[in-house]
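Chain residues, written in single-letter form:
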Amino acid sequence: MKNDEAVGKALVLVRTPFQAWLVEKVVRSEGIKLFDVIYFTQNNSGEDREYYSRLERLADKAEYIFIKKTRPSILAQFLFRFYCHKWFSCSGYHEILMGSIDSYVINALAFSFSGAEFVTFDDGSANINSGGVYNKDRGGVRSRVYRFLLRAKNLEETKAKIARHYSVFPSLPNIVEKSRVVPVSAWQGGRFEGEGEPVSYFVGAPFKEVFSEKQIQSFARAAMSIGIDVYVRHPREYAPLDLGVPFLNKNGEIAEEAILSDANGRPIVLVGYLSTLMFTLSSSACRRVVLVPQGTKENSGLISLARDSGCELVFLGDCDAK
């Protein structure tokens, strides 16, 4: 890769299908004519491959880096750093577009281009979660050591460098103040309250990464008692709940696009945990039911936002999270 080939380009750094979908809109809004893209993933899902292929067709140069989940998890960051090492020797990028400012490797790569302007974009509901990874720096000696070894910066330094942040949640607090937030129009139509019976979608999640077996069983019982028609499986969900309903065929699309296509104008009901879908499809669903294990302390900010945005909260019994 020749350094002079990157002059005048933007570099796009993404790691989820949602980010890849959103950054296409950012590229158009920024008027970027030439860009390279690196897609980092530990899932290699159909959605990952589909949205990478869309960006690849638009990009000048593109690379897809898949690293399987590792133990310890930090090992994956060092592997990503190894496989993308050639990008650190480039120069001339005038803009860096990225969603995951907390990723050690993405952060370090962005800061390696000292003269570039940072343009960021949402990574789903994590951006509006006041207690989440984009609003609360990982403290402790271990995190500082990792940042030092990978040459990453902390959240405060990173946010200070952000020129613009593109968001599908422009009315909600984000990782920068509103003066630096650029709204992205997405799924803003009126509620589907007419024609036909409502279609109820259960929004899956990587439950086993977060919840105990007892809590997972509570999710299943609550979902079945409400009534589910279609299961929307999460890209990282390797052990979906047994709800006795068919999985949504997403055809490689992100869940929002796939649900709207499948509903085909019928009223939409969403049931699940604190998924990004509960917020991104707030204007498209006639009912949103958020299932919350009683006593859950994490994501309290998101729970409040869900309630304030009109979601129904159903608490699942007094059991502790993992």
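As the structure is a prediction and not an experimental result, all values here were calculated from the model.

### Observations regarding the state of the cysteines
One pass over the full model with this rule turns up 0 disulfides. With no disulfide of its own, Cys-84 lies closest to Cys-90 among cysteine sulfurs, the gap being 10 Å.

### Quick notes on the pairing of strand 1 (residues 10-14)
The buried fraction of strand 1 is high, at 5 of 5 residues. Going residue by residue along strand 1, you find Ala-10, Val-12 and Val-14 tucked away on one face and Leu-11 and Leu-13 tucked away on the opposite face as well. In terms of strand pairing, strand 1 meets strand 2 (residues 35-41) through 5 bridges, oriented parallel. What sits directly across from Leu-13, in strand 2, is Ile-38.

### What about the nonpolar core?
In this structure, Leu-97, Phe-202 and Phe-207 are the most contacted members of the largest nonpolar core, which totals 73 residues. The biggest single contributor to this core is helix 1 (residues 17-30), with 7 residues. Dropping the residues within four chain positions of it, Phe-207 is found in contact with Phe-202, Ile-216, Phe-219, Tyr-231, Glu-237, Leu-241 and Tyr-273. Within the second largest apolar cluster, 36 residues are counted, among which are Trp-87, Ile-106, Leu-155 and Val-176.

### Overview of the pairing of strand 10 (residues 268-272)
Put simply, side chains in a regular strand alternate between the two faces of the sheet. By the criterion of burial, strand 10 is predominantly enclosed, with 5 of the 5 residues buried. Residues of strand 10 alternate between two faces, with Ile-268, Leu-270 and Gly-272 on one and Val-269 and Val-271 on the opposite face, all of them buried. Here strand 8 (residues 199-203) runs beside strand 10; their pairing, made up of 5 bridges, is parallel. Residue Tyr-201 lies in a different strand from strand 10, and its bridge partner there is Leu-270.

### Remarks on the environment of Val-133
One can find Val-133 in the loop between strand 5 (117-121) and helix 5 (140-150). Look at Val-133 and you get partly exposed, because its relative accessible area is 43%. Other than its neighbours up to four places away in sequence, Val-133 contacts Asp-102 and Leu-155.

### A look at the side chain of Lys-9
With respect to the helices and strands, the residue Lys-9 is situated in the segment before strand 1. On the accessibility criterion, Lys-9 (1% relative accessible area) is buried. A distance of 3.1 Å separates a polar atom in the side chain of Lys-9 from a polar atom in the side chain of Asp-36. Among all residues touching Lys-9, those that are not within four sequence positions of it are Leu-34, Asp-36, Asp-60, Lys-61, Gly-92, Tyr-93, His-94 and Glu-95.

### Some points on the confidence of the model for the protein chain
Residues at a pLDDT of 70 or more form 93% of the protein chain, whose mean pLDDT is 90. For the stretch residues 1-7, pLDDT sits under 50, and the model shows 13 contacts to residues farther than four places along the chain or on other chains.

### Regarding the side chain of Glu-237
You can see Glu-237 is positioned in the loop between strand 9 (230-232) and helix 9 (255-263). Of the buried charged residues, Glu-237 lacks a salt bridge, with Arg-233 as the closest side chain of opposite charge at 5.2 Å. Among the polar contacts listed, one links the side chain of Glu-237 to the side chain of Tyr-231, at a separation of 2.4 Å. Not counting residues up to four positions away in its chain, the partners in contact with Glu-237 are Gly-204, Ala-205, Pro-206, Phe-207, Tyr-231 and Val-232.

The rules we used
- Residues numbered from 1 in each chain as written.
- Predicted model: local features only at pLDDT ≥ 70, side-chain atom pairs only at ≥ 80, totals over all residues.
- Heavy atoms only, no water.
- Disulfide = S-S within 2.5 Å.
- Buried < 20%, exposed > 50% of the residue type's maximum accessible area, 1.4 Å probe, protein only.
- Helix = DSSP H or I, 4+ residues; strand = E, 2+ residues; numbered from the N terminus.
- Pairing = 2+ DSSP bridges.
- Core = buried A, V, L, I, M, F, W, Y, C linked by side-chain atoms within 4.5 Å.
- Contact = heavy atoms within 4.5 Å.
- Polar contact = N/O pair within 3.5 Å; in protein donor to acceptor, adjacent residues only side chain to side chain.
- pLDDT = per-residue confidence, 0-100.
- Lys, Arg positive; Asp, Glu negative; His and termini not counted.
- Salt bridge = Lys/Arg side-chain N within 4 Å of Asp/Glu carboxyl O.

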